[in-house]
Amino acid sequence: MDTISRQTYLLLSACTGNWRNCILVAGAENDTPGYLLSADRDGQPIVMAVEQFQHLTGQTIDPAECCGQLTEDAFKSLYAQYLLWAMPSSEADPLAILCQGIPAAF
């Protein structure tokens, strides 16, 4: 299974098939729609870029319909210990890496 299909499956499984059960992590720049965040059964973050999700599903994500919203800094603070162990380096963009499913084997 390719990475995009796997991430889509993991996200939809974690949010019980409804993106509205995800938390929207606002993009660092105002012109990016951000990321959808959920957690798997072990509490590990499952992340997918909103643009990618919209492209794959044809659905428009309305941030107000998500169950919550976080800034990127709040996400990094919330998952600080996880990111410390799961990221290849502290300079890496954790949301972009999580979108690729790389730390999923953690």
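Provided above is the structure to which this section pertains.
### Re the packing of helix H1 (residues 3-14) against helix H2 (residues 50-57)
Next, step 1: The interhelical angle for the contact between H1 and H2, taken along N-to-C directions, is 95 degrees, at an axis separation of 12 Å. Relative to H2, the element H1 lies roughly perpendicular. Packed against H1, whose contacting residues are Ile4, Thr8, Leu11 and Leu12, the element H2 presents Gln52, Phe53 and Leu56 at the interface.
Next, step 2: Grouping the amino acids of the contact of H1 with H2 by side-chain chemistry returns 5 nonpolar, 2 polar and no charged.

### Details of the pairing of strand E2 (residues 35-39)
Next, step 1: In terms of burial, E2 is a largely internal element, 4 of the 5 residues being buried.
Next, step 2: Sheet analysis places strand E1 (residues 23-25) next to E2, joined by 3 bridges and oriented antiparallel. Paired with Ile23 across the strands is Leu37, a residue of E2.
Next, step 3: Two strands pair when backbone bridges link them, and E2 and strand E3 (residues 45-49) are joined in this way by 5 bridges, in the antiparallel orientation. In the strand pairing of E3, Leu37 is matched with Val47.
Next, step 4: Once E2 ends, the chain turns through 5 residues before running back antiparallel as E3, passing Gly43 with a positive phi of about 85 degrees.

### Some remarks on the environment of Ala49
Next, step 1: Mapped onto the fold, Ala49 is located in strand E3.
Next, step 2: In this structure, the C-alpha to C-alpha distance between Ala49 and Lys76, residues 27 residues apart in sequence, is 16 Å.
Next, step 3: In this structure, Ala49 is in contact with Gly34, Tyr35 and Cys99, ignoring residues within four places of it in sequence.

### Describing the pairing of E3
Next, step 1: Burial analysis of E3 places 5 of its 5 residues in the buried class, the great majority of the element.
Next, step 2: Burial along E3 is two-sided: Pro45, Val47 and Ala49 facing one way and Ile46 and Met48 facing the other are all buried.

### Topic: H1
Next, step 1: Along its 12 residues, H1 runs 16 Å from first to last C-alpha, staying within 8% of the 16 Å computed at 1.5 Å per residue.
Next, step 2: All buried positions along H1 are accounted for by Gln7, Thr8 and Leu11. Each buried residue of H1 lies within a common arc of 100 degrees when the element is viewed along its axis, so the set occupies one face.
Next, step 3: Structurally, H1 contributes buried residues whose contacts are with E2, E3, H2 and helix H5 (94-99).
Next, step 4: Trailing H1 by a residue or two, Thr16 shows a phi angle of about 50 degrees, which is positive.

### Things to note about the sheet that holds strand E4 (residues 68-70)
Next, step 1: One open sheet accounts for 4 strands, arranged E3-E2-E1-E4; its pairing is mixed. Looking at which strands have only one partner, the edges of the open sheet turn out to be E3 and E4. Across the sheet, the mean angle from the axis of one strand to that of its neighbour is 30 degrees, orientation sign disregarded.
Next, step 2: Along the sheet, H2 contacts E1, E2 and E3; its crossing angle with E3, the most-contacted strand, is approximately 70 degrees.

The rules we used
Residues numbered from 1 in each chain as written. Predicted model: local features only at pLDDT ≥ 70, side-chain atom pairs only at ≥ 80, totals over all residues. Heavy atoms only, no water. Axes fitted to C-alpha atoms, helices over the stretch in contact; angles between N-to-C directions. Helix = DSSP H or I, 4+ residues; strand = E, 2+ residues; numbered from the N terminus. Parallel < 35°, antiparallel > 145°, perpendicular 65-115°, else oblique. Contact = heavy atoms within 4.5 Å. Nonpolar A, V, L, I, M, F, W, Y, C, P; charged D, E, K, R; others polar. Buried < 20%, exposed > 50% of the residue type's maximum accessible area, 1.4 Å probe, protein only. Pairing = 2+ DSSP bridges. Expected span 1.5 Å × (residues − 1). Arc of directions from axis to C-beta.

Don't take any of this as a statement about function, it's just geometry.
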